[in-house]
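Chain by chain, the residues:
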Amino acid sequence: MSRSSVKILQESLINVIAAGEVIERPSAVVKELVENALDAGSSRITVTVEDGGRRHINVSDDGTGMSEQDALLAIERHATSKISAMEDLNDIKTMGFRGEALPSIASVGQFVLKTWDGFSDSGTCIRINNGTLSRVEPCGRPRGTSVSLSSIFGTLPARKKYMKSRDTEMSWCLRTVEETALTRPDIHFEITDDSGTALVYPAVTGMKERIAALWGADEVHRLLELRSEKEGIRIEGFISPPGDTYTRRSRHHVMVNGRTVRDPGINRVISSALSMSYPHGRYPALVLSIFLPPGGVDVNVHPSKKEVRIEQINLLSSALKEAVKNLGTRTSVTRYAFPRTPQLDVYQRAADSTTASVGNLPLPSVDNLSLPIEEGERVIGQYQGTYILLQSGSDLLIVDQHAAHERIVFNNLMSSRMENRSMSQPLMVPMVMELASSEIKSLLGKVDLLESFGLELEEFGGSEVRVTSTPPEIPSELLHTFIRTLASDLGEMEDLPEEIALLISRWACKSSITAGRRLTEEEMATLVDDLRHAEAGFACPHGRPTIVAIALEDIEKLFGRR
Ligand SMILES: Nc1ncnc2c1ncn2[C@@H]1O[C@H](COP(=O)(O)OP(=O)(O)OP(=O)(O)O)[C@@H](O)[C@H]1O
Ligand SMILES: [Mg+2]
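The structure presented is a predicted model; accordingly, all values stated were derived computationally and were not measured.

A.B. asks: How do you make sense of the overall build of the protein chain when you look at a structure like this?
C.D. replies: Secondary structure summary: the protein chain contains 18 helices and 26 strands in total. Every one of the 562 residues in the protein chain was classed for burial, and the buried ones make up 36%. Considering only intrachain contacts with a sequence separation of at least 6, the fraction spanning at least 24 residues in the protein chain is 71%.

A.B. asks: Explain the packing of helix α12 (residues 401–418) against helix α17 (residues 521–533) here, please?
C.D. replies: Axes are the key here: two packed helices are described by the angle between their axes and the distance separating the axes. Contact geometry for α12 and α17: axes closest at 10 Å, N-to-C directions at 50°. On the basis of the axis angle, α12 is oblique to α17. Handedness of the α12/α17 crossing: left-handed. In contact with Q401, A404, H405, R407 and I408 of α12, α17 contributes L527, D530 and L531.

A.B. asks: Explain the sheet that holds strand β24 (residues 456–460) here, please?
C.D. replies: Hydrogen bonds between backbone atoms are what pair the strands of a sheet, whose relative direction is either parallel or antiparallel. Pairing is antiparallel in the open sheet, where three strands are placed in the order β23-β25-β24. This sheet does not close on itself; its edge strands, each paired only once, are β23 (425–434) and β24. Pairwise comparison of adjacent strand axes, ignoring direction, gives a mean angle of 20° for this sheet. Here β24 runs beside strand β25 (residues 464–470); their pairing, made up of five bridges, is antiparallel. Paired with E456 across the bridge in β25 is S469.

A.B. asks: Got a minute to help me understand the sheet that holds strand β12 (residues 252–256) in this structure?
C.D. replies: If you trace the five strands from one edge of the open sheet to the other, you get β9-β10-β15-β12-β13, paired in mixed fashion. If you trace the sheet from one side to the other, it starts and ends with β9 (224–230) and β13 (259–261), each paired once. Between one strand axis and the next, the sheet turns by 20° as a mean value, whatever way the strands run. Contacting β9, β10 (233–239) and β15 (286–291), helix α10 (residues 313–325) crosses the sheet at an angle of about 140° to β9.

A.B. asks: Help me understand the pairing of β25 in this model?
C.D. replies: Within a regular beta strand, the side chains point alternately toward one face of the sheet and then the other, so they alternate between its two faces. With six bridges joining them, β23 and β25 adopt antiparallel strand pairing. Looking at the pairing, M431 lines up with V467 of β25. Between β24 and β25, which pair antiparallel in sequence order, lie three residues; one of them, G461, sits at a positive phi of approximately 70°.

A.B. asks: Would you mind showing me how to read the environment of G123 here?
C.D. replies: Its place among the elements puts G123 in strand β4 (residues 123–129). Take G123: there are 25 C-beta atoms within 10 Å of it, and that puts it in the buried class. Along the primary structure G123 and S67 are separated by 56 residues, whereas in three dimensions their C-alpha atoms are 7.5 Å apart. G123 has contacts with K114, T115, W116, P138, C139, G140 and R141, leaving out every residue within four places of it along the chain.

Reading the values: the criteria
Residues numbered from 1 in each chain as written. Chains lettered and ligands numbered in written order. Predicted model: local features only at pLDDT ≥ 70, side-chain atom pairs only at ≥ 80, totals over all residues. Helix = DSSP H or I, 4+ residues; strand = E, 2+ residues; numbered from the N terminus. Buried ≥ 20, exposed ≤ 12 C-beta atoms within 10 Å, placed from the backbone. Contact = placed C-beta atoms within 7 Å. Axes fitted to C-alpha atoms, helices over the stretch in contact; angles between N-to-C directions. Parallel < 35°, antiparallel > 145°, perpendicular 65-115°, else oblique. Left-handed = near helix turned anticlockwise from the far one by under 90°. Pairing = 2+ DSSP bridges.

And the structure:
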């Protein structure tokens, strides 16, 4: 290689490289352009997306618009009207601040910008083909700006190949508009696809109305309001009740100072705040606005601004916990509502079948509703050594004793830890065991977390660990296998106390009130009583119901009495 091989890259190449980080798919173009429209003070933003954004994207607004001079500057790298001094970075009030989006977008396809500021003699139209300025001419348009991008990644085959199907890309574009629409209910948004049908979110006065436009009015009625304030941190939002959750964060929308984020750190704080009231591993529908004081958040830590750094994350965590506590959804029982079939039909079907049983009836629909477990219910027996039967008013309650026990142990572990009163049980003779070195490393990596649950261990020689004390919940005969499982699972686990508590409670339940053990009436009553007082007692920490209610009316129907 010759000595002169180091070169400064051409501007157009720099833009393409920058676009690699900012514009990874069509929805990123939508995001950047919509954010620019918001920063321009628009009240109406219209988005058109063809072929999932792969063929064409257009975003038009009625904002301030630009003069020809400004428009020409705007397409240069590092040209921005939004910040000018170093201090401005500490208190960013606009969506944009880097001056990177427009040149990046213009470098990855056929770019057309049309704008008019309401003062200049005419509007300006700028055309750029894959980063090369091709034309600047006057044009007519109302005040505001429209930017379009066609043939995205046309000259970048590797990136083009990386794009997903039309529907997948479209769903990302829609999600982007939905997310932005949630941050600004006061603005009218429209998004049109190939078919020409527009999804319209008219300007409304509050978040709740905007959520209704997105998810439907029925959904909104079920949402609970989240609210709290702590030392300058304010939380507002809506959340679905604990019986109404999803397996993914598909309906999670988190905003920090008006900016949508998808931040693993914040998600961890949310999971932790929900852990005592919501089933573990399930996600409620959530629209959460977090407002932090100026300087409390760094938005300049991620190429597409999806992640942020919050200085007082612990304060946010306690504000969130308080908001969740105030929800007041302590108990809700899963009620099995049998289908409202005409009585004869049910009766007839049961009679027709030679193996008539409840199992042959149409599957009951599950309806989660808030129903306090009433005082004065009575244990009437145990079924299959697994379920406790109770009479509560005219309802028959069925409690899964294993799930109930797991919830109770989980709650105790979490609250002991939170109150710093984790009871560790020192071992008279420390247990030394051999493990794979990767397993030892993952145990050591979480040593503080484990210690907060009473499990103390240290490295012993190169390939062994020495356990000196254990959580009292783990029966001694299971300790060895518990540590082995823990060591192999830890590597995959998130750094969450709930994960550890979940594992300990699962093992604690292995030996005691495991499914299949006969219980005395007193034991059953105590278990039910503990469950009644347990936070989120309606579900085990894995999200399965602990208690199911069947109404007398439904039982009567089974017997053709109604
Ligand atoms: N829709 C618009 N209406 C009015 N001005 C706009 C619009 N879009 C862009 N601009 C102007 O062009 C400038 C450059 O836009 P660009 O998106 O490239 O950078 P930015 O928004 O300042 O920062 P970022 O790269 O973080 O988005 C903006 O600062 C703004 O002054
Ligand atoms: Mg921008």
